[in-house]
Protein chains: 2
Amino acid sequence: MLSLLHHPLCPRSRYVRLILGEYGIEVRLVEERSWERREEFLLVNPAGETPVLITDGVPAVPGASIIAEYIEETEGAARGINSLLPKEPRERVEVRRLADWYNDKFYEEVSGPVVLRAARHNIRYHLAYLGWLARSRDWLAGERLTLADLAAAAHLSVADYLGEVPWNEDDAAKHWYARLKSRPAFRPILADTLAGLPPSKNYADLDF
Amino acid sequence: MLSLLHHPLCPRSRYVRLILGEYGIEVRLVEERSWERREEFLLVNPAGETPVLITDGVPAVPGASIIAEYIEETEGAARGINSLLPKEPRERVEVRRLADWYNDKFYEEVSGPVVLRAARHNIRYHLAYLGWLARSRDWLAGERLTLADLAAAAHLSVADYLGEVPWNEDDAAKHWYARLKSRPAFRPILADTLAGLPPSKNYADLDF
């Protein structure tokens, strides 16, 4: 069975949990406080960051985008049209571009640990960009749900946990997120709570 | 013909130039000063960062790792054992882990534009890690040259341009870099010069 070294409020860990959820792959969640820089953890991932996927008899798979590619190659590719990463190189570019947008840029500017103070300011342009995408396409990267939607939803869910997303500023973004929130893969994410830091009022509300 | 929006001292752009060089793919280089946030450039890549690959009749391919995957899928995969990304999912994890290590972590801590002041301090542990990898394997990710070597060399070459790499601290790292430097794909990188900011003394020296 797979194990995932994660943290409940790590948006990149949530991204991986959503992928595994979409594919119906069971995973054992092991909480890791990466900031404690546990020696055993650094041996598994020298970069010292969550998430890390542990698979039997295989070296650890570290980092959200690397785990996503690994799951695609070992599980997703066989699912044909239901894969979260399309087959065609050009389409893959757009999915990866948006997944990286959230895992890197949004993380740096909104959902990452160092920048939570700045989030309130940066979230607005990100929300506008998300709304623009959601208005022009069925899903963020095109006609189907892909890794891009899961990356975006994972990162937004952390800002939303903290009540930092002004959903009323963009209806298209809000409706897109409502669709994501209703998926079974999202349920464990909505059930996350941290001792001492309860989620915002509408965090787990499907009709927010 | 391909065009690459790049900057001579952008390490992620250099990474893409090395990949194209290794595969013998011609490219037209177009200098982009991303910090000027040219409107036309932002339309091509909303993230506002170099590199961006422009291919005829196809949407722009933005970002070093996305370009690398795109080149692999359209050009590299057909080269079999001479591809820069191995076929086997587990091996791909290690290549991608190291490529990301340089494109993300090293970039943040050493070769990226904001952190040049901090580079002198961070470069030492990065050099030690590189030396450790170079001592335990023929190439960074295993027995063959891969994207991981090119990512590492691209980023180190920028710190080296500025004379910030204490090569004498690690022989294995130095020998690994000397091997990379001698490759034909490296020649245009070594020929880069910026007006007003000449390279360090041994920058282009193959026997440094």
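Residues numbered from 1 in each chain as written. Chains lettered and ligands numbered in written order. Predicted model: local features only at pLDDT ≥ 70, side-chain atom pairs only at ≥ 80, totals over all residues. Heavy atoms only, no water.

A. Up close: the overall build of chain A. Scanning chain A for helices and strands turns up eight helices and four strands. Shown N-terminal to C-terminal, the secondary structure of chain A runs as helices and strands in the order β-α-β-α-β-β-α-α-α-α-α-α. Over its C-alpha atoms chain A spans a radius of gyration of 16 Å, differing by no more than 12% from the 17 Å that the globule rule assigns to 208 residues. Overall size of chain A, expressed as C-alpha extent along the three principal axes, is 45 × 45 × 25 Å. When burial is assessed residue by residue, chain A has 57% of its 208 residues classed as buried. (Helix = DSSP H or I, 4+ residues; strand = E, 2+ residues; numbered from the N terminus. Rg over C-alpha atoms; globule rule 2.2 N^0.38 Å. Buried < 20%, exposed > 50% of the residue type's maximum accessible area, 1.4 Å probe, protein only.)

B. Looking closely at the sheet that holds strand S3 (residues 52-54) of chain B. Residues and elements named next belong to chain B. Pairing within the open sheet is mixed, and its four strands lie in the order S2-S1-S3-S4. A single partner strand is all that each edge strand has here, and the edge strands are strand S2 (27-31) and strand S4 (61-62). With five bridges connecting them, strand S1 (residues 2-6) and S2 associate as parallel partners. Residue pairing in the sheet places Leu 2 in a bridge with Val 27 of S2. (Pairing = 2+ DSSP bridges.)

C. The arrangement of the relation of the copies chain B and chain A in detail. Aligned on chain A, chain B shows an RMSD of 0.0 Å; the corresponding rotation is 180 degrees and the shift along the axis is 0.0 Å. Viewed as a symmetry operation, the transformation between the two copies matches a two-fold axis. Every residue of chain B has its C-alpha some distance from the rotation axis, and the shortest such distance is that of Asp 104 of chain B, at 4.5 Å. Looking at the interface residues of chain B, 100% of them are also at the interface in chain A, so both copies use one shared face. (Least-squares fit on C-alpha atoms with pLDDT ≥ 70 in both. Contact = heavy atoms within 4.5 Å.)

D. View of helix H7 (residues 171-181) of chain B. Within the span of H7 of chain B, buried status applies to Ala 172, Ala 173, Trp 176, Tyr 177, Ala 178, Leu 180 and Lys 181 of chain B. N-cap assignment for H7 of chain B: the residue whose side-chain oxygen lies 3.1 Å from the backbone N of Ala 172 of chain B is Asp 170 of chain B. (Polar contact = N/O pair within 3.5 Å; in protein donor to acceptor, adjacent residues only side chain to side chain.)

E. Just the sheet that holds strand S4 (residues 61-62) of chain A, in detail. The mixed open sheet is built from four strands, whose spatial order is S2-S1-S3-S4 (chain A). In this open sheet, the two strands that pair with only one neighbour each are strand S2 (27-31) and S4 of chain A.

F. Expanded view of the nonpolar core. Residue and element names in this part refer to chain A. In terms of nonpolar packing, the biggest core is built from 64 residues, with Tyr 15, Ile 19, Leu 140, Leu 156 and Trp 176 touching the most fellow members. Secondary-structure elements contributing two or more residues to this core are strand S1 (2-6), helix H1 (11-22), helix H3 (64-76), helix H4 (89-111), helix H5 (116-136), helix H6 (147-161), helix H7 (171-181) and helix H8 (187-191). For this core, the element with the highest residue contribution is H6, accounting for ten residues. Filtering out sequence-adjacent residues up to four positions away, Leu 140 remains in contact with Leu 98, Tyr 102, Leu 130, Leu 133, Ala 134, Ala 148, Asp 149, Ala 152 and Trp 176. (Core = buried A, V, L, I, M, F, W, Y, C linked by side-chain atoms within 4.5 Å.)

G. Region of interest: the side chain of His 7 of chain B. Residue and element names in this part refer to chain B. Summarising the element assignment, His 7 is placed in the loop between S1 and helix H1 (11-22). What makes His 7 buried here is its relative accessible area of 10%. Sequence-distant contacts of His 7, defined by excluding residues within four places in its chain, comprise Ser 13, Glu 31, Glu 32, Trp 35, Thr 50 and Leu 194.

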